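So you can see what is in the structure, the chains are spelled out below.
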Amino acid sequence: MTGPQRREQLLDVARELFGRQGFGATSIEEIAAHADVSKPVVYEHFGGKDALHGVVVDREMQRLLGRFTEALSDPGHPRELLQRAALVLLEYIESDTDGFLVLTRDAPVTSGMGSYPSLIGEVARKVEHILGEQFGVRGYDPRLAALYSQALVGMVALVGQWWLDTRSPDKRDVAAHLVNLAYNGLSHLDARPDLFDGPPGP
């Protein structure tokens, strides 16, 4: 293998082990054994387990953020965009379970991009831009787009973590229910909502 090929192999092996066992339960010795190399080879490429874990986390975050960016880059009806975002996360959980576990199970020790919540925040900022345009068209205050984007993306992210363990119902059904809750609420937004304090006193 070339140096870059070996590096990618080590990242793939580490991703699988970190995802399956967690950061604490995975050793450099184990990563080296699964990659069929000596421990010094791992240290030569990454310097240690903390640094290796940080690179694995950053690579996963870039991978997932790239999928969100692609899904939300094409214009479309807000309901369709919300459905795309939900399906991106659910499909990632289904096909890249180890990667999702790496992002959500252990806080990254050294990560250039930050943590899973910071990734969700980045996705929310992309959604905020889309919502801001829709709010302007529909007569709502565009400054509230940040609040609503955090609420929507947070809802999808939490449901995704729940679905990781249940895997039921089917991901398309889950996405449909998320869209049903979010969009049917959004379609009847009150421009100036207020909390309900109960019936007036006597």
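Residues numbered from 1 in each chain as written. Predicted model: local features only at pLDDT ≥ 70, side-chain atom pairs only at ≥ 80, totals over all residues. Heavy atoms only, no water.

What follows is about the overall build of the protein. On a plain count of helices and strands, the protein comes out with 9 helices and 0 strands. For the protein, the α and β elements follow one another from N to C terminus as α-α-α-α-α-α-α-α-α. Across the 202 residues that make up the protein, the buried fraction comes to 43%. The contacts in the protein between residues at least 6 apart in sequence include a share of 69% that link residues at least 24 apart. (Helix = DSSP H or I, 4+ residues; strand = E, 2+ residues; numbered from the N terminus. Buried < 20%, exposed > 50% of the residue type's maximum accessible area, 1.4 Å probe, protein only. Contact = heavy atoms within 4.5 Å.)

Moving on, we get to the nonpolar core. If you look at the biggest cluster of nonpolar residues, it comprises 63 residues, and the most contacted ones within it are Phe18, Leu52, Leu64, Leu89, Leu103 and Tyr116. Look past the residues within four positions of Leu64 in its chain and what remains in contact with it is Val88, Leu89, Tyr92, Leu103 and Leu119. (Core = buried A, V, L, I, M, F, W, Y, C linked by side-chain atoms within 4.5 Å.)

Now for the UniProt feature "DNA-binding region" (unreviewed entry) in the protein. The UniProt feature table records "DNA-binding region" (unreviewed entry) at residues 27–46. Summarising residues 27–46: 80% helix, 0% strand, and an end-to-end C-alpha distance of 14 Å. (UniProt positions renumbered as here; feature names shortened; annotations may be inferred.)

A few words on the packing of helix α1 (residues 3–21) against helix α4 (residues 49–73). At their nearest, the axes of α1 and α4 sit 10 Å apart, and the two run at 90° to each other. Here α1 lies roughly perpendicular to α4, going by the angle between them. Residue-level inspection shows Arg7, Glu8, Leu11, Asp12, Ala14, Arg15 and Phe18 of α1 in contact with α4, the latter providing Lys49, Leu52, His53, Val55, Val56, Arg59, Glu60 and Arg63. Considered class by class, the residues forming the contact of α1 with α4 number 6 nonpolar, 1 polar and 8 charged. (Axes fitted to C-alpha atoms, helices over the stretch in contact; angles between N-to-C directions. Parallel < 35°, antiparallel > 145°, perpendicular 65-115°, else oblique. Nonpolar A, V, L, I, M, F, W, Y, C, P; charged D, E, K, R; others polar.)

Okay, the environment of Leu52 next. Looking at the secondary structure, you find Leu52 in helix α4. Between the C-alpha atom of Leu52 and that of Val42, which follows or precedes it by 10 residues, the distance is 8.6 Å. Sequence-distant contacts of Leu52, defined by excluding residues within four places in its chain, comprise Leu11, Ala14, Phe18, Ile28, Ile31, Val42 and Phe46.

Let us look at the confidence of the model for the protein. Scored by pLDDT, the protein has a mean of 86; 90% of the residues are at 70 or more. When pLDDT is averaged over each helix and strand of the protein, the minimum, 82, is found for helix α7 (residues 116–138) and the maximum, 98, for helix α2 (residues 28–35). (pLDDT = per-residue confidence, 0-100.)

Attention now goes to the packing of aromatic side chains. Using the criterion set out here, one finds 4 aromatic pairs in the structure. When the ring of Phe135 is compared with that of Tyr148, the centres are 5.4 Å apart and the planes differ by 70°; the resulting orientation is edge-to-face. Placement of the pair is Phe135 in helix α7 and Tyr148 in helix α8 (residues 145–166), with a sequence separation of 13 residues. What links up through ring pairs into an aromatic cluster is the set Phe135, Tyr140 and Tyr148. Cation over ring: Lys49 sits above Phe23, and NZ or CZ is 4.3 Å from the ring centre. Over the aromatic face of Trp163 sits the side chain of Arg167, whose NZ or CZ is 5.5 Å from the ring centroid. (Phe/Tyr/Trp six-rings, centres within 6.5 Å; stacked < 30°, edge-to-face > 60°. Lys NZ or Arg CZ within 6 Å of the ring centre and 35° of its normal.)

For the rest of this paragraph, the subject is the side chain of Arg84. On the secondary structure map, Arg84 appears in helix α5 (residues 78–95). Non-local contacts of Arg84, meaning those with residues more than four positions away in its chain, are made with Ala71, Leu72, Asp74, Pro75 and Gly76.

For the rest of this paragraph, the subject is unusual backbone geometry. Residues Ser168 and Pro169 are joined by a peptide bond in cis, for which omega reads 0°. Within the secondary structure layout, Pro169 lies in the loop between α8 and α9 (171–186). For Asp36, which is not glycine, the phi torsion reads 60° and is therefore positive. Relative to the helices and strands, Asp36 is located in the loop between α2 and α3 (39–46). Residue classification places Asp36 among the exposed residues on the basis of a relative accessible area of 70%.

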